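Examination of the molecular architecture
Given next are the chains, with one letter for each unit.
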Amino acid sequence: MAGIAHAETERLAGYAAVFEPADPPRAGSVAFWSEGGDVLPEGVGRAGQLAVVLPAGDGVRRRTVPAVRLQVADALPLLTRARSGHAAHPAAAFWGAAGLVALQLVARGRLVPGLSAGDIDAWRVGPLDTADIDRIRALAAAMPTRARAAPVEETSPVELADAEGLVRSFLDAVADGLPRTAAAARLAHGTLFAAPAPQRVARLRMWADEIAAGLDSGVRISLRVDVPDGDFKHGAFRAVVQVHSAADPSLMADASEIWRGHRAFGPRARIDTVVAVRRAARVWPLLDRLLQSAVPDQLMLADQEIVELLSTAATHLAAIGVDVHWPKGLTRQLSATAVIGKRESPPSDVPAFFGGDSLLSFDWQLALGGDPLTEEEMDQLAEAHRPIVRLRDQWLLLDPELAGKARDRALPPVRPVDALSAALTGTAYVDGARIDVAPNAWLESLRDRIRDPDGGTEPIAQPASLAGTLRDYQLRGLRWLDRMTSLGLGACLADDMGLGKTITLIALHLHRAADERTPGKPTLVVCPASLLGNWEREIQRFAPGAKVRRYHGSARFIESAEDGFVLTTYGTMRLDAERLAQVGWGIVVADEAQHVKNSTSSTARALRRIRADARVALTGTPVENNLSELWAILDWTTPGLLGSLRSFRGRWAKPIESRADDGATAQRLAALVKPFLLRRKKSDPGIAPELPAKTETDQPVELTREQAALYEAVVREAMAEIGGSAGIARRGLVVKLLTALKQICNHPAHYLKEQEPLLRGRSGKLELLDELVDTIISEDGAVLIFTQYVAMARLIERHLADRGVATQLLHGGTPVARREQLVRSFQDGAVPVFLLSLKAAGTGLNLTRADHVIHFDRWWNPAVEDQATDRAYRIGQTRPVQVHRLIAEGTVEDRIATMLESKKVLAESVLSSGEAALTELTDSELADLVSLRAVR
């Protein structure tokens, strides 16, 4: 229904609805009609007249009413929503319920090909089991009169349509349309049963009739496996054909009784049974032997044939509606689980265990009814020569796969960190297949211990040497960090900026220094250059007795490192990794750990070479663009936890980022990651109740005529170039286009790189910025203005200077000493406006004098913007904070703003994709994203 107004379409649900079958089924339509002569929505579907049959006295009569018709595929979303809509007509709600049944049948694979009455390729629902038939009949019995009011044809008798027949036709119409997508024909290597357009193939009529005979017959079959003499140990097996009535699910008889003339079955029962057996033989060719007998009633099976039926054939037969019933004296309650550490005792030194080269056993464990088998019992299964085994005073039906696991119990041993990973997720991978895993008692206890950051924590108090008082959540963070590091496991503290990650880490150092298990070792803090001064001040403030010195610039002496703090930058660490690796560090801290999110970078590789008793990552954004960044951080803190990067992408990242998963993969990853990553937000109950309110507002602005003209010209030229490109070149052109459009939205002079530009009157954003800044200054406020472009920051700096507004600018090229001076100057009230480059100043700075934050342009990840906002909205802020996001209406910024909101939700669960995802859009999707739209 492209182009149809959403509100007008939704109004249709308030009218009666009836299904009109067609040939092929997918051409059927749903007619919405008004009994009271109301005016139906215009511009929706095909308007016209409809002949309906309505009750009149003791009979029915024909009426012609106005109607709007929608193809079934177009009507289905509307109908399914109408099921729960209070204003929906009962007839529309009924067809919504029928649509849901159709979708569920197709989702279960109840979909078969065939031909329509006009020899056109068509799908239909089937085969249907007894429960399906009962459900359809119950649905038909509940059909409102107005939902069956239309005769099939104008010349039909004046009577209500057959309810069950109408429902089945509707189910077939839904089923016929669903497989016909744009990609279906390509996957099917042809248009037959894949393309929406009718394909007339009369040559397939005999084949289609045979399929239809199996589906439409009055019977279905099942197989009953038994042992005639009851001797499971030595007797032969027999498969008996059972015939079930489709009309009466409770009616069942052996095929031999049908051939003797069973009175309850109709005259076609023999033919229908033969057709059903022939269909089953296509799935399991062994059943062809039944058709060679005068009466296809039973078949003797050798042991190997029973194994075949048990291992594969029964599943395939069930898929076409043929159930297999095993003898009542047999049980199939045998299950297998892989157990880690079954043969090992708990380690005496846990940190050494996780940091060493130990391996844990990995074995299959079989259980009967949930009760594990002994080694002797598994030996008995391994030595069994028949698929039937006597165990614990009962006969077992032994799946050959389970028998194989009993014979080959030992799996390749696993490293301790892999064992912990399996214990947390309950799964592991063997030869590329995911299997269920159970940990031994010690691993299970450890898993439960680390799963809850607050539950069962060790009752440690804050260090006596800490010159300050930890808040409750900071003390819980300290206990969590101590527990993880004392076990030899790494940790990532991912609290919101401003919640005190620094003081928590200082407290951890002091606690470990006083602990007899971990005394006298120094802590290395690796951070951006801009944060060296902040770390030094915070250590001197909260741990005045601790030694602290910088390893940076010319002061790079490591020989005297003792039990205090050594502070260095990522750049220095990269240069001197070998020297730093020679020190016996107690803790290595990676502050703003997103700086090593690229695991292949030289900085990340250098950091991995520095060994320590414990590794702690501090970051407010463990995921900025994709899940591989989370892998990089946690693989540094706890190497091997998430497997190799390649396996991590295949098993976790791709299913989650592509949204191809139903959520189960994300849940398993969250279960694995949660113990190693502590994330608290300012908005969490009880975390930071003393913080004032924060108000976030999207501020829409119109483009000027110059901006709009530039925008449309760039889109037109770029899309033409992108249309003729592919691969890396295309992705580069897309990024170039997006960057150009964001710059145009900022200011034409920004995009055109004008040296001496005229700034006034050319940008909607700049005009709104003037209004906001004037208001903030008049109220004696202070503001941080973030932009991702230094060039734009300089334009704003020049513009505000021309207006007499005092500003200062901080960007990536600002020296460390100058940065610290600018921060002090702003905090002391020297200037009311602080211009900041988002990437260079979005983390680590304390700028609580600001009570306003303006994001002049949008970043691709909302978490990065939140970090920038947290320069002002952090502990120490006493005034409410206003956050203003400037968004150019009708542009790519407008569409991105909507995407960012959903992305923020996804990032909280595990991840979202960044700008790179936009480069994978098709040309039409990209054009829709960047096209300039009229502002209403």
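Scroll up a little and you will see the structure.
None of these values were measured; they are calculated from a predicted model. (Residues numbered from 1 in each chain as written. Predicted model: local features only at pLDDT ≥ 70, side-chain atom pairs only at ≥ 80, totals over all residues. Heavy atoms only, no water.)

Residues Asp 23 and Pro 24 are joined by a peptide bond in cis, for which omega reads 5 degrees. Considering the arrangement of structural elements, one finds Pro 24 in the loop between strand E1 (16–20) and strand E2 (29–33). We note that Asp 780 has phi near 60 degrees; this positive angle belongs to a residue other than glycine. Structurally, Asp 780 is set in the loop between helix H29 (764–778) and strand E29 (783–787). The exposure class assigned to Asp 780 is exposed, which follows from its relative accessible area of 64%. (Helix = DSSP H or I, 4+ residues; strand = E, 2+ residues; numbered from the N terminus. Buried < 20%, exposed > 50% of the residue type's maximum accessible area, 1.4 Å probe, protein only.)

The strand order across the open sheet formed by six strands is E28-E33-E32-E29-E31-E30, and the pairing between neighbours is parallel. This sheet does not close on itself; its edge strands, each paired only once, are strand E28 (694–701) and strand E30 (807–810). In this sheet, adjacent strand axes meet at a mean angle of 20 degrees when their direction is disregarded. Sheet strands touched by H29: E28, E29, strand E31 (833–837), strand E32 (852–855) and strand E33 (881–888). Its angle to E33, the strand with the most contacts, is close to 165 degrees. (Pairing = 2+ DSSP bridges. Axes fitted to C-alpha atoms, helices over the stretch in contact; angles between N-to-C directions. Contact = heavy atoms within 4.5 Å.)

A few words on the pattern of salt bridges. With the rule as written, the count across this model stands at 43 salt bridges. For the salt bridge of Glu 164 with Arg 137, the shortest nitrogen-to-oxygen distance reads 3.7 Å. One end of the pair, Glu 164, is in helix H5 (residues 163–177); the other, Arg 137, is in helix H4 (residues 130–141), and 27 residues separate them in sequence. For Arg 137, a relative accessible area of 30% puts it in the partly exposed group. One salt bridge in this structure joins Glu 865 and Arg 858, with 2.8 Å as the shortest N-O distance. (Salt bridge = Lys/Arg side-chain N within 4 Å of Asp/Glu carboxyl O.)

This part covers the packing of aromatic side chains. With the rule as written, the count across this model stands at nine aromatic pairs. Relative to Phe 170, the ring of Trp 95 has its centre 4.9 Å away and its plane inclined at 55 degrees; by these criteria the two rings are tilted. With a gap of 75 residues between them, Trp 95 in helix H3 (residues 90–107) and Phe 170 in helix H5 connect regions that are remote in the sequence. Of the two residues, Trp 95 and Phe 170, both sit in the buried class. With 5.6 Å between their ring centres and 70 degrees between their planes, Trp 123 and Phe 193 make a pair best called edge-to-face. With Trp 123 in strand E6 (residues 121–125) and Phe 193 in the loop between helix H6 (184–188) and helix H7 (205–216), this residue pair connects regions lying 70 residues apart in the sequence. (Phe/Tyr/Trp six-rings, centres within 6.5 Å; stacked < 30°, edge-to-face > 60°.)

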